[in-house]
Structures are given as C-alpha cells and as structure tokens.
Amino acid sequence: MKPIETKQEYSDYVDKKSPNSPILKNCFNAFWVGGLICTIGQLIMDFCKYKGMDETGASTVVSITLIAISAILTGLNIFNKIGKFAGAGSLIPITGFANSIVSPAIEYKSEGYVMGVGGKMFTVAGPVLVFGISASVIIGIIAVLFAH
Amino acid sequence: MDFIQSIDWMGILKCFVVGGIICIIGQILIDKTKLTPARILVIFVTTGAVLGGLGVYKYLIDFAGAGATVPLLGFGANLAKGAIQEVQTSGLFGAFVGGVKASAGGIAAAVFFGYLASLIAKPKIKKQ
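Residues numbered from 1 in each chain as written. Chains lettered and ligands numbered in written order. Predicted model: local features only at pLDDT ≥ 70, side-chain atom pairs only at ≥ 80, totals over all residues.

Remarks on the packing of helix α6 (residues 94-107) of chain A against helix α7 (residues 92-120) of chain B
Piece 1. The contact between α6 of chain A and α7 of chain B brings their axes to 8 Å, and the two run at 35°. Where α6 of chain A crosses over α7 of chain B, the two elements pack in a sense that is right-handed. When α6 of chain A is examined against α7 of chain B, the residues I94, F97, A98, I101, V102, A105 and I106 of chain A are found in contact with a partner set consisting of G106, A110, V111, F113, G114, Y115, A117 and S118 of chain B.
Piece 2. Considering only residue class, the contact of α6 of chain A with α7 of chain B consists of 12 nonpolar, three polar and no charged. (Axes fitted to C-alpha atoms, helices over the stretch in contact; angles between N-to-C directions. Helix = DSSP H or I, 4+ residues; strand = E, 2+ residues; numbered from the N terminus. Left-handed = near helix turned anticlockwise from the far one by under 90°. Contact = placed C-beta atoms within 7 Å. Nonpolar A, V, L, I, M, F, W, Y, C, P; charged D, E, K, R; others polar.)

Here's the deal with the interface of chain B and chain A
Piece 1. With 65 residues of chain B at the interface, the matching set in chain A holds 66 residues.
Piece 2. Mapped onto the side of chain B that touches chain A, the elements with two or more residues apiece are α1 (2-6), α2 (9-32), α3 (37-54), α5 (66-69), α6 (72-90) and α7 of chain B.
Piece 3. Residue contributions to the side of chain B that touches chain A peak at 18 residues, all from α7 of chain B.
Piece 4. When its residues are assigned to classes, the side of chain B that touches chain A shows 42 nonpolar, 21 polar and two charged.

Quick word on unusual backbone geometry
Piece 1. One non-glycine residue, N77 of chain A, adopts positive backbone phi at about 65°.
Piece 2. Summarising the element assignment, N77 of chain A is placed in the loop between α3 (55-75) and α4 (79-86).

Some thoughts on α6 of chain A
Each full turn of the α-helix corresponds to 3.6 residues, which orients residues three or four apart in the same direction.
Piece 1. With 14 residues, α6 of chain A should cover 20 Å at 1.5 Å per step; its first-to-last C-alpha distance of 20 Å lies within 8% of that length.
Piece 2. Of all 14 residues in α6 of chain A, 13 are buried; the element is thus mostly enclosed. (Expected span 1.5 Å × (residues − 1). Buried ≥ 20, exposed ≤ 12 C-beta atoms within 10 Å, placed from the backbone.)

What about the nonpolar core?
One recurring pattern in soluble globular proteins: nonpolar side chains tend to sit buried together.
Piece 1. By size, the foremost hydrophobic cluster in this structure holds 73 residues, and its most contacted members are I67 and F97 of chain A together with L41, L72 and A110 of chain B.
Piece 2. Apart from residues lying up to four places away in sequence, I67 of chain A is in contact with I94 and A98 of chain A together with G106, A109, A110 and F113 of chain B. (Core = buried A, V, L, I, M, F, W, Y, C linked by C-beta atoms within 7 Å.)

Listed below in structure tokens is the structure:
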C-alpha cells in the first residue's frame, strides 16, 4: 500500500473505508422523529394557549418542557439510543441542545462539580451560545443603525 | 375534554412536516459532509438568527408553529427577534439585552436541568 501523503488522499482513503450510511433511511428516521418532537412541542403550546398564556410565554414553556424531558431521558441513558436511531431528528430540535449540555454534565462528574460538570457542560453548547448570542448582538446593532 | 376538541389538526400536520423537513436538512449535513454535530448546531443557530434578523423566519413560524420554533433555527430566530424588539424600546442598550432575555428560559432550563441530572444520574460505563 502506498503511503498517504496529502490531505486529499487521506480524505479519499477515509471515504473508501467508512461504511456507506444509508442516507435515505437516515433521512426518513430524522424526518419522523424530528417531526414528532415538534408535534409534542405544538401540543404543549396549544395547551398553554388554551389555558390563556400568550405566544411568548407559551413558547418558553415549550422550550423548558422539552429540555426537561431530554434531561430526564439523557439521565436514564435513553436519549442516546433515540439519537443513534434518529440522528438529526433528535439533534436539531431544542432536545439536541439540551442533550449536548446534560450528557457531558453527567459524563464529567468524576472531574468534580466545578470544572467537571460546570466546565464541560458547555463543550458543545458553548459554541452554540457564543455564535447565537453574538449574532443577536450584531443584528441588534444593525437594527439600531436602520432605526436612525 | 374541550382541549382535545380545540386542537387544530391541520396545524399539527404542518408542524410535523416542517419540523421533519428541517431535521432532514440536518441529516443530509451529517451524512454528506464531515461537519461535527457541534458545527451543525452552530450553523443552525446562526442561520436562524440571520433569517430572524431579516424578518423571513416569522413567516415559517406563522405557517408551522412549533415546527419552526422547536428546531435550533427557531432558537436563533428568537435571539434575533428579541434583540430587534429590545432595540425598538431601549435603543443600542437593547442590542445587548434583548437576545439573551428572549431565550433566557431555555438557556437557564438547560443549565439547571443539566446540573440536576449530573447530581442524580451515574455516568454510563462505556462498552466498546
């Protein structure tokens, strides 16, 4: 076997060796699991509105409830089984964001509660918050410029 | 129960389909690119914030409800919406306050439940 020298060669080698993921099946699973999670969210939202909450309040309750459910399922080690099956179906909804915080929080418990749990919990969620919040500040500043 | 009768089943269907399609986009990114899940989440939040900032995303929310707000695109759009609304009431100061304020419930819940879960749950032993 000839040695791998360039990045391109390595990339081709990895493509050849890694199993072909059945993309259609993955997309189908992502579709119905993701759709189902959003539907659960919609039912919670409808229920909140039925109880007289406004739009903003209702969607905050939806986020908090879905995050709590994912935290419980992550703690019971069920979420990662759903994640393996559904791929993006459970990653892209807010459940994936919750799982990305809860999972390392549990995993790094042995490194202590401050630097282990407190620090490692943001391994994935940190970048999401950095880019999300920075984008919102930039958009806010642009909105100020447009207002004048 | 009155609530069951009040459910808009057409809205539920739209929510299911739109939420599902957004997840398919994520799945294609996972399967067809070498992006890590962290990068995909960052792309979704940032794209959502841009779409929200341009005022486009609210049409999808009007159409699909939770189908548009539950995926991380909606989290991004909500950050942008919060920033713009706060700017309208309190000027430049609002650009720094509005985004996080609008998403505070979700962020605080994720941090709190994450900490709580770490107190209760045991780390799983990895079987290779």
